[in-house]
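Remarks on the overall topology
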Amino acid sequence: MQKIGVFVCWCGSNIATTVDVAQVVAAVKTIPNVAFAADYKYMCSEGGQELIHKAVQDYQLDRIVVCSCSPRMHEATFRNCAEQVGINPYLVEIANIREQCSWIIKDRAQATAKAIQLAKAAIAKVRFNTPLTPGESKVVKRALVIGGGIAGIQAALDIAEAGYKVDIVERQPAIGGRMAQLDKTFPTLDCSACILTPKMMDAANHPNIKLYTYSEVEAVSGFVGNFEVKIRQKARSVDAKRCTGCGICTEKCPSRKTSSEFELGLKTRGAIYIPFSQALPKVPVIDREHCLKFQTGKCGICSKVCPAECIDYTQQDEIITEHYGAIVAATGFDLLPLDKFGEYGYQDSPDVITSLEFERLTNATGPTEGHLVCPSTGKEPKSVIIVSCVGSRDTSGRGKTYCSKICCMYNAKQAMYIREKYPQIDVTVFYIDVRTPGKAFDEFYRRAVEEFNVHYIKGQVGKVLKDARGGLTVFASDLLSDKHLMLHADMVILATAVKPAAGARKLATMLTASMDNDDFFTEAHPKLRPVESPTAGIFLAGMCQGPKDIPETVSQAGAAAVKVVGLLAKDKLRTNPCVAHCQENICSGCLACEKVCPYGAITAETKTVINLAGVKEQRTVAVVNQTLCQGCGACTVACPAAAMDLKGFSNQEILAEVDALC
Amino acid sequence: MQKIAALMRQKAQELLSSGQVQQVAAWRKGQLAYDNAPAVFTSPEACADLVYDEFCPANLSKYLLAATKKKLKTAVFLKPCDTYGVNQLLKDNRVQREYVYAIGTPCQGMLDIKKIRAHGLKGITRITVSEGVVQVETVYGTQNLPQRDVLLDKCLQCKGNAYMIADTEIGEKLATPEPRGDAFAAVKRIEALPPEERFKFWQQELSKCIRCNACRDICPACSCEQCIFDNPAAPVAGKAFADPVEENMFHLIRAYHVAGRCVGCGECARVCPQGVKLGLLNLKFMKDINTFYGPYQAGSDATTPAPQVTFTQGDVEPSAAGQKGRS
Amino acid sequence: MLGEKVTVADKTAAPAPFEPKIVAFCCNWCSYAGADGAGTARKQYPANVKIIRVPCSCRVNPLFILRAFQRGADGVILCGCHPGDCHYMTGNYYTRRRLTLLMSMLNFMGVATERLRVEWVSASEGARFAEIMTSFVEQITALGANVKLRDLRCKK
C-alpha cells in the first residue's frame, strides 16, 4: 500500500495568512493512503526538509506531496530532499498553494478550500507517479554568441579565456555594434572607440574565437548541450582571406549615393564599403543592391583596382552548420522609429536629430569630423535643446512604457560635451525626471548643471517647428514655474527610446526563448537568474534583455559567460526523464507521432512484439529516442490509441488530477 | 455487371492458380438476391462462388489488415470509392503494399434494398440494372424503378470512377452516379439549426446506438491495434457501460480520431443496424478541415500528411470555430 | 477517494450561489508561469479556477477536456504560449488545430462552446492571466451549471 506524506508550508505569512494550513492538514489526513501530514513555517528551509526526512523514516513514506509555492520555484528543492532520504525524486508532487492560491485570493475560507482541492489533485496524481531516472546527454564544448556588439564581444572573450571555443555571429559586415558608433562614454567621458577597439582586436585575434560577420542565424534545432545551428554567411563578394583591407576599392567605387548605415544616414558610402575606419574584420563588402556591376553589368572598377585580386562577383551565400553546447543572445538594440512622433519635427527638419545621430556628429571619424554643425546649414548652432523621454515612459500607445534608462546620463554627457567644446552654445535639457542611480552618475549630472551651466527644465516639449529664419521654435512647458515656453533653437536632440534590435523576435522563436511584450528576452528569474533564458542553454547579455548601459552590459555579458563556461565544463548533462514512451504492443505504427515531433525523436522500427492476442509478430512501431525527446507530449495526443504516453505527465496522472478537481 | 463478374472470376482463378496471390478478397452470393457478403477465396475452384452486382457495397479494404498480419499476398477487388480506404491503410502503415494486389473494379452505384422494399416490393427474386432503370423481379411480377431512387445513400455522394490505387483494372470503367449537389448539404442543414435543436438532434440520433461497434469494424480509418475504448489505461473509459462514457462520447471521440483519416466511404452509416446518421459527424470534420486548412481528401494517396499532423502559422483560432453558427 | 466532494466554506440555510467548477490546463513555460506571475503581482482572480500543469498545451488531449466536462466541470480553459513562442517550437500550432476542430464539433453538436476556451498567455502576462480567468468565471457563472456536457453521457 502506498504511504503518502503531505507537507503544508506556511511560507511565513505568505500562505498562512490566507490559507488555514491546519485545516488543510486535517483535510488531507482523511484521504486514503495519506500516512502523514504536517505543516511547517518554511518547508524549504533546513528545518522543513529535516521534518520531511524524519517523517519519511518514521512513517515509511514512499511518496511526497508538498503544498507550497510554485513548482517552478522549489520543485527541484523538494525532489532533492526526497532523494536524500531514498525516495525517487519523481515521486514528489507540488501543490501550488501560494502563487495560485494564497496570493490571488483574499477570502480565507475560499483560499483554504482551494488549497485543499489543489492538495487533493496533487495526491491523486502522485499515486500514479512512477520512479524515473534521468538519462545523460553529451555537451558540445563550443559556444555561440549571437551579436557582435560589446555584449557579445565581452561574453565571447570571457568564454574564450576560460578555454572554450566560441563563435560570434554578427549580421553587420563588422563587429563593434552600437558602442562603435558612440563618441564618448559616461560618466568618465573616455572615448568609446579607444576602449572598444582593443576588445574588438582581442576578439578577432583570439585563437578560441571565430567570427562570422555579415552572417545571420538561419535555424536552430537541438537542445541544451547540443544545439545545431545553421548560419547563413552572406556573400561579401570579396575574398576575405586574400583581402588586405587597403580600401582602394572603396575609394574608387563610382556609386556613392547610398546612405551609410553606420553614419545613420548622415553620410553616403560607396557600393563597396567598409562600414567604419576601425572595422573588424577590415574587409569590404559589396552592397549588391547599389552596385553598378550587379545592377547593370557594367563597371567592375573595384575588381580592376584591387591589388590582391580578391573581388568575387560570383560569391554565394554559404550555409554553415555547427553544433554548440550553449548560446548567448546579445542582439542589442535599435532606436524607436519616430514616425508616430510628428510633433518633434524629426521628419521635417534635418536639425532635429536623435541622440545617436549626435554621437556621429561629434565623433572625429564621423561625417563632420567631429565639428558640431547643423546638418541643414553646415554652421555651428548657437543654441541646442535636448528632449528627454522621446518615446520612453509613454502611455499614449505610440511609444514604449518603459524607461530607456541610458538617456538621462547621455543627455548630461552630450550637454556637457557641447558646453565644454563650444562654451558659446546655450544648451537646455527638458526632462520629466532625471534618473541617475549609478556609481558617480549623480555627480556627473550635477557637474553638467553646476559646472557647465546646462539649463535643466522640468517639463515636456509639445512641438518643434521650423521657423522663418531657418531655425527651430520649440514649444514647451515648464512644470516647476507652471509656464508655457516658446524657445528658439538651432538644433534639437531627441533622446529616443531604445527597443530590441529588429529580428530579435524571429531569433527568439528559433531559440524557443521567451520574450516579453516589448520583445525583450525574458530572464529565467527576474532577480535570481537574470542572465539565463527560461530555455535551458540560452543565455542573455546586454540590451536584448532590457535597457542597460555599457558597464551593466559588460557585467551581464561576463555573468552569461560564466554560466556558459559552467555548462561547457560538464561532460554530460542529466536529461529530463519526463519523456515520451511508446507501448509497443498497442502501437499501430501509423507514425502520426513521428510527424508532430519537433525534435525528430521518434523513428519507425520493425520490431517483434507480442500482440494483444499473445502472439509474436513483426511490425512497424514508433520508437522514442529518450535523449532527443524533450517531453512536450505532442505525440501523445496525435496517437489515437494512446499507445504513446508521457512519463511524469501520463494520461492516468493528468486524468487523476482532472477527476480530483471536478 | 454479369460480364464484369465473369472477368473477376477469371482473374481471381488466374491469380490463385499462378500463385501470384495466396488469397482473393471479393464477394460471395448470399441466400437472397440482394445479400451478397464479403468473402475470401483461397483456391481457384472456390472462385465459382464469386459474384459481383449492385449488391456488393462492402468496402473490402479492411480485409487487408489480416492479410498483412498473416503475410498473405492478397488480391482485392476495389470499387473506385474503396480504393481510398486502401490508401489510408497504407498511409497508416496498417497494410504493407507488398501484400496487396489491388484490382480496380467498375461500379455504377450500389443499391439499397431498404429503399427498394420501401416501394412495397416483396418476394424479390432478381434485381438487374440497365441504363438507369432497376428491374425488380418478384414472385408477383416485375417492376421498374429509377436507379437514382434506390441507390445507397453513400452512392449519392459518389467520388467518381477513378481508382486511387490499382495494380490492374477489370473491364472498362463505368459511369458512376452523378453526386447529388453539395456533399456537405446535410451538414449545413444541421449547422443552420439553433444550438438547442442541434443538441436535441444529436442526443436523439446517438442514443439509438447499441454499441455494437459495427461502424468501428468496417471503418478503414479505424485500424488501431487496440482501440482506445478497449484500453482501460487510456484517457477514455471502456466500451461497456462500466463507466459513464456512453454513446455520445463514443461517437464524438471516434469521429475525432478518424478526422483526417476518414475517406468518406460512408460504410459506418451503411452498416449501422440502428440507422444512426454517423456519416454526418465525419462529414462535419471533413468540411471543417476543407474550410480551415484547405481541400483535403484522405486516401487520395498514401503519403500526404493528415491536416492534424501539420500546421501553418496563420491557422484559424479555435474561438472562431466555436462561434461559427452560434445563435 | 478521487473526486469526492469537500466543503470547507460555511454552510448556511440559504442556497449557496452557483460556484462554477473551472479547470485550466496551463503549459509549464508560458501560461503556468503567467499564472504564477499573476500571483506574484497579487492580481486577484476567482478561486474557482484550478490549474493543471502540463509541459505544453499540445499535451492536452481533447479527451481530457471531455472527461473534465463529463465529471462536472462547468468550464474548461486551455492556455498555452502564443503561437510562434512555443517552448517546444511547434506544440501550440498542433493544439490550435486540435482545439479548433473540437470546438467546431462541439458547436455542431449544439453544446455550448462558451464553456471551452483557448487562450495564449505568455509568462509575462500575469495581469492578463488574471483578467482572462476573471472574465471566464463571469461568463460561466452567467451560463449556469453545465448540464449539456454532462448530459452527453445520458441516454434519452
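Keep in mind that this is a model prediction, so the values were computed, not measured.

**Things to note about the overall build of chain C**
Secondary structure summary: chain C contains five helices and four strands in total. Taken from N to C terminus, the helices and strands of chain C fall in the order β-α-β-α-β-α-β-α-α. Here chain C holds 156 residues, and the buried ones make up 69% of them. Across chain C, every contact between residues at least 6 apart in sequence was considered, and the portion connecting residues at least 24 apart equals 82%.

**So, helix H1 (residues 21-29) of chain A**
All names here are of chain A. Listed in full, the buried residues belonging to H1 are Val21, Val24, Val25, Ala27 and Val28. Considered in projection along H1, the buried side chains sweep an arc of 165° and stay on one side of the axis. Every exposed residue of H1 that faces more than 90 degrees away from the buried side is listed here: Ala22 and Ala26. Where H1 is buried, its residues contact strand E1 (4-9), strand E2 (34-40), strand E3 (63-68) and helix H5 (108-128).

**Quick notes on the interface of chain A and chain C**
Counting from both sides, the interface comprises 52 residues of chain A and, opposite them, 50 residues of chain C. Within the residue set of the side of chain A that touches chain C, elements represented by two or more residues are H1, helix H3 (71-84), helix H4 (98-102), H5, helix H17 (634-638) and helix H18 (651-661) of chain A. Ranked by residue count, the leading element in the side of chain A that touches chain C is H5 of chain A, at eleven residues.

**Things to note about the packing of helix H6 (residues 150-161) of chain A against helix H7 (residues 192-205) of chain A**
Residues and elements named next belong to chain A. As a packed pair, H6 and H7 sit with axes 10 Å apart at the nearest point and diverge in direction by 50°. One finds that H6 runs oblique with respect to H7. The element H6 and its partner H7 pack so that their crossing is left-handed. Listed contacts from H7 to Ile150, Ile153, Ala156 and Leu157 of H6 are Leu196, Lys199, Met200, Asp202 and Ala203.

**Brief notes about the domain arrangement of chain A**
Under the domain assignment, chain A is made up of domain 1 (4-128), domain 2 (142-234 + 317-332 + 501-568), domain 3 (248-305), domain 4 (334-499) and domain 5 (580-646). Each side of the interface is counted separately: domain 2 of chain A has 14 residues, and domain 4 of chain A has 19 residues.

**Description of the packing of H1 of chain A against H5 of chain A**
For any two helices packed against each other, one specifies the crossing angle of their axes together with the interaxial distance. Residue and element names in this part refer to chain A. With their axes 9 Å apart at the nearest point, H1 and H5 run at an angle of 40° to one another. The orientation of H1 with respect to H5, classified from their angle, is oblique. Crossing of H1 over H5 shows right-handed handedness. Contact residues: H1 offers Gln23, Val24, Ala27 and Val28, while H5 offers Thr112, Ala115, Ile116, Ala119 and Ile123. In terms of residue class, the contact of H1 with H5 is built from seven nonpolar, two polar and no charged.

**Things to note about the confidence of the model for chain C**
When pLDDT is averaged along chain C, the result is 87; 86% of the residues meet or exceed 70. The ipTM for the predicted assembly is 0.91, set against a pTM of 0.76.

**Let's talk about the interface of chain A and chain B**
The interface of chain A with chain B comprises 20 residues on the first partner and 17 residues on the second. Broken down by secondary-structure element, the contributors of at least two residues to the side of chain A that touches chain B are helix H16 (592-596), strand E33 (616-624) and H18 of chain A. Class assignment of the residues belonging to the side of chain A that touches chain B gives a composition of twelve nonpolar, six polar and two charged.

Definitions and cut-offs
Along each chain, residue indices are assigned from 1 in the same order as the chain's sequence is written. Chain letters and ligand numbers both follow the written order, the letters beginning at A and the numbers at 1. For a predicted model such as this one, the threshold for reporting local features is a pLDDT of at least 70, and the threshold for listing and counting side-chain atom pairs is 80 or more; totals across whole chains, interfaces and linings nevertheless cover every residue. The helix count covers DSSP runs of H or I at least four residues long, the strand count covers runs of E at least two residues long, and both are numbered beginning at the N terminus. Remark: C-beta atoms are placed from the backbone, and a residue is labelled buried if 20 or more other C-beta atoms sit within 10 Å of its own, exposed if 12 or fewer do, or partly exposed between those counts. Two residues form a contact once the distance between their C-beta atoms, set from the backbone, is within 7 Å. In this context, the arc is that of the directions from the helix axis out to the C-beta atoms. In this analysis, axes come from line fits to C-alpha atoms, helices being fitted only over the stretch in contact, and the angle between any two N-to-C directions falls in the range 0 to 180 degrees. For classification purposes, an angle smaller than 35 degrees is called roughly parallel, one larger than 145 roughly antiparallel, one from 65 to 115 roughly perpendicular, and anything else oblique. Here is the rule for handedness: rotate from the far helix to the near one, and if that takes an anticlockwise turn smaller than a right angle the crossing is left-handed, while a clockwise turn gives right-handed. Those domain boundaries reflect an automatic or database domain assignment. Amino acid classes used here: Ala, Val, Leu, Ile, Met, Phe, Trp, Tyr, Cys and Pro are nonpolar; Asp, Glu, Lys and Arg are charged; the rest, including Gly, are polar. pLDDT runs from 0 to 100 and stands for how confident the predictor is about each residue.

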